[in-house]
There are 2 protein chains.
Amino acid sequence: MEAFRRTCVEKGLAVTHQRQAIYRALISMPEHPAPESVYEVVRSEIPTISLGTVYKNIKTFLNAGLLRAVTLHHESLRLDANVEHHYHLVCTRCKSITDLPADDLEPIQFRRTPPRGFRVQNYSLEVHGLCAACAAS
Amino acid sequence: MEAFRRTCVEKGLAVTHQRQAIYRALISMPEHPAPESVYEVVRSEIPTISLGTVYKNIKTFLNAGLLRAVTLHHESLRLDANVEHHYHLVCTRCKSITDLPADDLEPIQFRRTPPRGFRVQNYSLEVHGLCAACAAS
DNA sequence: CTATTATAGGATAATTATTATCGACTGTCC
DNA sequence: GGACAGTCGATAATAATTATCCTATAATAG
């Protein structure tokens, strides 16, 4: 929480009551919540907060690196007609996706059994970075 | 394309003009398009097709396993306040997400340099399967 | 080959998630 | 303590997706 305040100051962000409540809610929620759920939690502390404020600050926190999105592609469904096992190269700048053959990487190996009785079916891996075009600029 | 027709018959899906055009568009698009882009391409072949039909059939294809979505979480932004490097266990049934410490897996190793001048920044890995609760039922 | 029927398509409205706008308010800095 | 920029809350607007409903067409039996 102290680190949060420090980062806000560094980035020139006002440390408001609402921002602190939103951030506190986020770190208390390990279930990777959607903005709507964060709103529910924050509202129990600040009943007058608006959903727009929650969205705005989540976006602010994402830009400040205080927070991460689980996927880079939540804005729209992206499709893959190649149902063979393979991975993806994703450009963090232009969001383009290209295929990466599975055997370009060493196979994924668990060091211990997955926790909490999770029954593994398969896995997906995205390599993030800059595509050639974006790296050039 | 023959395999497509066979799968349709197996799953009791009518092999319509529109479905074939949509599927043909999909396999011709390696850029992992959004439904809107697929619609644009199909429309050049069937100008009267409706966007709703494209959406409906994409969903049908996903259910039939003819197609895959790049991410399981496109319907809404999912947040992660833990900015340390770690992975995710994702339940394919209830879509719940739990953290998996990075050192539960052997480190990811490239066998060859990534293609197309891609400059790697980091990577994200999701292990898909059934959580304990969903596996029980 | 034609009739029948279930399924699918097209047009459109509705819903959901997210973003923008704008006047009022409040941290921050002097 | 007051000025100013940045933030908030309310609300409207937009974007993505889904549902509805009536018509058209693919599958299939005869």
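Residues numbered from 1 in each chain as written. Chains lettered and ligands numbered in written order. Predicted model: local features only at pLDDT ≥ 70, side-chain atom pairs only at ≥ 80, totals over all residues. Heavy atoms only, no water.

Focus on the protein's contact with DNA strand D
So, point 1. Not every one of the 20 residues close to DNA strand D is listed here, only the nearest: A:Thr16, A:Gln18, A:Arg19, A:Thr53 and B:Tyr55.
So, point 2. Within the backbone of A:Ala14, one N or O atom sits 3.2 Å away from a phosphate oxygen of DNA strand D.
So, point 3. Interatomic distance of 3.1 Å between a backbone N/O atom of B:Val15 and a phosphate oxygen of DNA strand D.
So, point 4. Elements represented by at least two residues in the surface near DNA strand D include exactly helix 2 (17-27) and helix 4 (51-64) of chain A.
So, point 5. Of the residues belonging to the surface near DNA strand D, the class tally is 8 nonpolar, 9 polar and 3 charged. (Near = heavy atom within 4 Å. Polar contact = N/O pair within 3.5 Å; in protein donor to acceptor, adjacent residues only side chain to side chain. Helix = DSSP H or I, 4+ residues; strand = E, 2+ residues; numbered from the N terminus. Nonpolar A, V, L, I, M, F, W, Y, C, P; charged D, E, K, R; others polar.)

As for the protein's contact with DNA strand C
So, point 1. What surrounds DNA strand C is a group of 19 residues, the closest being A:Tyr55, B:Thr16, B:Gln18, B:Arg19 and B:Thr53.
So, point 2. When the atoms of DNA strand C within 4 Å of the protein are sorted by group, sugar and phosphate make up 84%.
So, point 3. The separation between a base oxygen of DNA strand C and a polar side-chain atom of B:Lys56 is 3.2 Å.
So, point 4. Backbone polar atom of B:Leu77 to a phosphate oxygen of DNA strand C: 2.9 Å apart, as the coordinates give it.
So, point 5. When residues in the surface near DNA strand C are grouped by element, the largest group, 3 residues, is from helix 4 (residues 51-64) of chain B.
So, point 6. Of the residues that constitute the surface near DNA strand C, the class distribution is 7 nonpolar, 8 polar and 4 charged.

Overview of the nonpolar core
So, point 1. By size, the foremost hydrophobic cluster in this structure holds 26 residues, and its most contacted members are A:Ile108, A:Leu125, B:Ile108 and B:Leu125.
So, point 2. Of all the secondary structure elements, the ones that give two or more residues to this core are strand 3 (86-91), strand 5 (119-130) and helix 5 (132-136) of chain A together with strand 3 (86-91), strand 5 (119-130) and helix 5 (132-136) of chain B.
So, point 3. Setting aside residues no more than four positions away along its own chain, A:Ile108 makes contact with A:Tyr87, A:Tyr123, A:Leu125, B:Leu105, B:Ile108 and B:Leu125. (Core = buried A, V, L, I, M, F, W, Y, C linked by side-chain atoms within 4.5 Å. Buried < 20%, exposed > 50% of the residue type's maximum accessible area, 1.4 Å probe, protein only. Contact = heavy atoms within 4.5 Å.)

Side note on the relation of the copies chain A and chain B
So, point 1. Superposing chain A onto chain B takes a rotation of 180° combined with a translation of 0.0 Å along the rotation axis, leaving an RMSD of 0.1 Å. Those values place the two copies in the arrangement expected of a two-fold rotation axis.
So, point 2. By residue overlap, the copies meet face to face through one surface: 100% of the interface positions of chain A are interface positions in chain B. (Least-squares fit on C-alpha atoms with pLDDT ≥ 70 in both.)

Comments concerning the interface of chain A and chain B
So, point 1. Contacts between the two partners involve 66 residues from chain A, matched on the other side by 66 residues from chain B.
So, point 2. With both sides pooled, the region where chain A packs onto chain B buries about 6500 Å², and carbon together with sulfur makes up 57% of that total.
So, point 3. Among the residues chain A hides against chain B, the three largest losses belong to A:His32, A:Leu79 and A:Phe118. Together they make up 12% of the total.
So, point 4. At the boundary of chain A with chain B, the tally comes to 6 salt bridges.
So, point 5. Put simply, chain A and chain B have 42 residue pairs in polar contact (both at pLDDT 80 or more) between them.
So, point 6. Per-element accounting of the side of chain A that touches chain B gives the leading share, 12 residues, to strand 5 of chain A.
So, point 7. Among the residues making up the side of chain A that touches chain B, the classes are represented as 36 nonpolar, 16 polar and 14 charged.
So, point 8. When strand 2 (residues 79-80) of chain A meets strand 1 (residues 68-69) of chain B, the two strands line up antiparallel, connected through 2 bridges. Opposite A:Leu79, over in strand 1 of chain B, you have B:Ala69 as the bridge partner. (Buried area = accessible area lost by both parts, 1.4 Å probe. Salt bridge = Lys/Arg side-chain N within 4 Å of Asp/Glu carboxyl O. Pairing = 2+ DSSP bridges.)

What to know about the packing of helix 2 of chain A against helix 3 (residues 35-45) of chain A
Residue and element names in this part refer to chain A.
So, point 1. Relative to each other, helix 2 and helix 3 sit at 125°, their axes nearing to 9 Å. With respect to helix 3, the axis of helix 2 lies oblique. Taken as a pair, helix 2 and helix 3 cross one another with a handedness that is right-handed. Listed contacts from helix 3 to His17, Ala21, Ile22, Arg24, Ala25 and Leu26 of helix 2 are Val38, Val41, Val42 and Glu45.
So, point 2. Here the contact of helix 2 with helix 3 is composed, by residue class, of 7 nonpolar, 1 polar and 2 charged. (Axes fitted to C-alpha atoms, helices over the stretch in contact; angles between N-to-C directions. Parallel < 35°, antiparallel > 145°, perpendicular 65-115°, else oblique. Left-handed = near helix turned anticlockwise from the far one by under 90°.)

Remarks on the pattern of salt bridges
So, point 1. Summed over all chains, the structure comprises 12 salt bridges over all chains.
So, point 2. With its nearest N and O atoms 3.0 Å apart, the salt bridge here joins A:Glu45 to A:Arg24. Pair noted here: A:Glu45 is in helix 3 and A:Arg24 is in helix 2, with a separation of 21 residues, a long-range link.
So, point 3. Overall, A:Glu45 belongs to the partly exposed group, its relative accessible area being 41%.
So, point 4. B:Arg111 is paired through a salt bridge with A:Glu106; the nearest N and O atoms lie 3.4 Å apart. You can see B:Arg111 sitting in the loop between strand 4 (97-101) and strand 5 and its partner A:Glu106 sitting in the loop between strand 4 (97-101) and strand 5, one on each of two chains.
So, point 5. Several salt bridges share partner residues, and in doing so they unite A:Asp103, A:Asp104 and B:Arg112 into one network.

Brief notes about the domain arrangement of chain A
So, point 1. As assigned here, chain A comprises domain 1 (2-64) and domain 2 (86-136).
So, point 2. Computed over C-alpha atoms only, the centres of domain 1 of chain A and domain 2 of chain A are separated by 29 Å. (Domains from an automatic or database assignment.)

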